[in-house]
Amino acid sequence: RYTGIGVITGAVSGHAELLEVEGPADAAVERLARIVALAREYDARFGDTYHSDLVAKVARGCVEQSAGGGLHIIFRLSDGPAKPNTKLAGEGTGPTRKVYAETRGEGGFVIVAPTPGRKGHPEGASYLFLQGSSPDRAPTLTCEERDVLHMLATLALDVPDTSSPPPVTTSSPATSSGSVD
């Protein structure tokens, strides 16, 4: 009656964490390309390959395509706890915000390959490991590396809300009862 596999993220799974780049597939690939491009920009600015190497490390590890076409990038942390589930990037505000990147961390849960898609997914869709990817290839990151990965996803994918102008602040000149120095 029940078919599928899921992973509880966080301490219970050896500090596993997941970065999800939302689909459909063509949008997820384009979003990942934006993260890669930003990593290269940082590397050019700092004269190294740290950011690109980090993105390549996770992209060559344990990556699956979700039944909805998104990308699940799974890694473990070596030196600290997973952060709670976090929405990193999106567009809009409030309950209508469209999420483009989010995490599953402490207390999180994610469906994984080879589970078939359920309600809300295209007919016949399933979770699939990308070629060469497998759970035993999940890289181990430091918390600092995880934070850099989250930063890259946020900066590359978040669309600022421009629907309302920033608040106007006014200041009144200080009143003086004496002479001005």
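Everything numeric in this text was worked out from a predicted model, so none of it was measured.

K.L.:
When you look at the overall build of the protein chain in this model, what are you seeing that I'm missing?
P.N.:
Of the regular secondary structure elements, the protein chain holds three helices and nine strands. Here the protein chain, with 181 residues, has 39% of them falling under the buried criterion. In the form shown here, the protein chain has an accessible surface area of approximately 10700 Å², with 56% of it arising from carbon and sulfur atoms.

K.L.:
Help me out: how do you make sense of the nonpolar core in this one?
P.N.:
Within soluble globular proteins, side chains that are nonpolar generally end up buried alongside one another. Leu19, Ile35, Leu141, Leu149, Leu152 and Leu157 are the most contacted members of the largest nonpolar core, which totals 28 residues. Elements represented by at least two residues in this core include exactly strand S2 (16–21), helix H1 (25–46), helix H2 (50–59), strand S4 (71–77), strand S5 (87–91), strand S6 (98–104) and helix H3 (143–157). A per-element tally of this core places H3 first, with seven residues.

K.L.:
How do you make sense of unusual backbone geometry when you look at a structure like this?
P.N.:
Peptide bonds are mostly trans, and most non-glycine residues show a negative phi. Between Gly23 and Pro24 the backbone carries a cis peptide bond, its omega angle lying at 20 degrees. Following the sequence through the fold, Pro24 ends up in the loop between S2 and H1. For the bond from Ala113 to Pro114, the omega torsion is 5 degrees, close enough to zero to count as cis. In this fold, Pro114 is placed in the loop between strand S7 (109–112) and strand S8 (128–129). Despite not being glycine, His15 has its phi angle at roughly 65 degrees, a positive value. Inspection of the secondary structure puts His15 in the loop between strand S1 (5–8) and S2.

K.L.:
Just checking my understanding: could you explain the pairing of S7 for this structure?
P.N.:
Both faces of the sheet carry side chains from a regular strand, because those side chains alternate between them. Along S7, the buried face is formed by Val110 and Val112; none of Phe109 and Ile111, which line the opposite face, is buried. Summarising the sheet, S1 and S7 pair through four bridges and their orientation is antiparallel. Bridge pairing in S7 places Ile8 opposite Phe109.

K.L.:
I would appreciate a short explanation of the side chain of Glu64 in the present structure.
P.N.:
Inspection of the secondary structure assignment puts Glu64 in strand S3 (residues 62–65). Here Glu64 occupies a buried position and makes no salt bridge, while the nearest side chain of opposite charge, Arg104, is found at 11 Å. Separated by 2.6 Å, the side chains of Glu64 and His72 make a polar contact. A polar atom in the side chain of Glu64 sits 2.6 Å from the backbone nitrogen of Ala113. Discounting chain neighbours no more than four positions away, the residues touching Glu64 are Gly70, Leu71, His72, Ile111, Val112, Ala113, Tyr127, Leu128, Phe129 and Leu130.

K.L.:
What's the story with the packing of H1 against H3 in this structure? I'm lost.
P.N.:
Relative placement of two packed helices is described by the angle separating their axes and the distance separating the axes. Interaxial distance between H1 and H3 falls to 9 Å at its minimum, and their mutual angle equals 110 degrees. By the angle between their axes, H1 is roughly perpendicular relative to H3. Where H1 crosses over H3, the handedness of that crossing is right-handed. Contacts between H1 and H3 pair Arg31, Arg34, Ile35, Leu38, Ala39 and Tyr42 from the former with Met151, Leu152, Ala153, Leu155, Ala156 and Leu157 from the latter. Residues that form the contact of H1 with H3 fall into these classes: 10 nonpolar, no polar and two charged.

K.L.:
Before we go on, may I ask you to explain the confidence of the model for the protein chain in this structure?
P.N.:
As a note on interpretation, predicted positions should not be read in detail where pLDDT is low. Confidence in the prediction of the protein chain, expressed as mean pLDDT, is 90, and 88% of residues score 70 or more. This stretch, residues 175–181, has a pLDDT under 50; its non-local contacts, to residues over four places away or in other chains, come to zero contacts.

K.L.:
Mind showing me how you'd approach the pattern of salt bridges here?
P.N.:
Within this structure, the stated rule accounts for eight salt bridges. Across the pair Glu30 and Arg34 runs a salt bridge, and its minimum N-O distance is 3.4 Å. Of this pair, Glu30 and Arg34 both sit in helix H1, four residues apart, roughly one helical turn. Connected through salt bridges with shared partners, the residues Glu17, Lys83, Arg146 and Asp147 form a single ionic network.

Rules used in this analysis
Residues numbered from 1 in each chain as written. Predicted model: local features only at pLDDT ≥ 70, side-chain atom pairs only at ≥ 80, totals over all residues. Heavy atoms only, no water. Helix = DSSP H or I, 4+ residues; strand = E, 2+ residues; numbered from the N terminus. Buried < 20%, exposed > 50% of the residue type's maximum accessible area, 1.4 Å probe, protein only. Areas by Shrake-Rupley, 256 points an atom, 1.4 Å probe, with all protein chains shown as cover. Core = buried A, V, L, I, M, F, W, Y, C linked by side-chain atoms within 4.5 Å. Pairing = 2+ DSSP bridges. Lys, Arg positive; Asp, Glu negative; His and termini not counted. Salt bridge = Lys/Arg side-chain N within 4 Å of Asp/Glu carboxyl O. Polar contact = N/O pair within 3.5 Å; in protein donor to acceptor, adjacent residues only side chain to side chain. Contact = heavy atoms within 4.5 Å. Axes fitted to C-alpha atoms, helices over the stretch in contact; angles between N-to-C directions. Parallel < 35°, antiparallel > 145°, perpendicular 65-115°, else oblique. Left-handed = near helix turned anticlockwise from the far one by under 90°. Nonpolar A, V, L, I, M, F, W, Y, C, P; charged D, E, K, R; others polar. pLDDT = per-residue confidence, 0-100.

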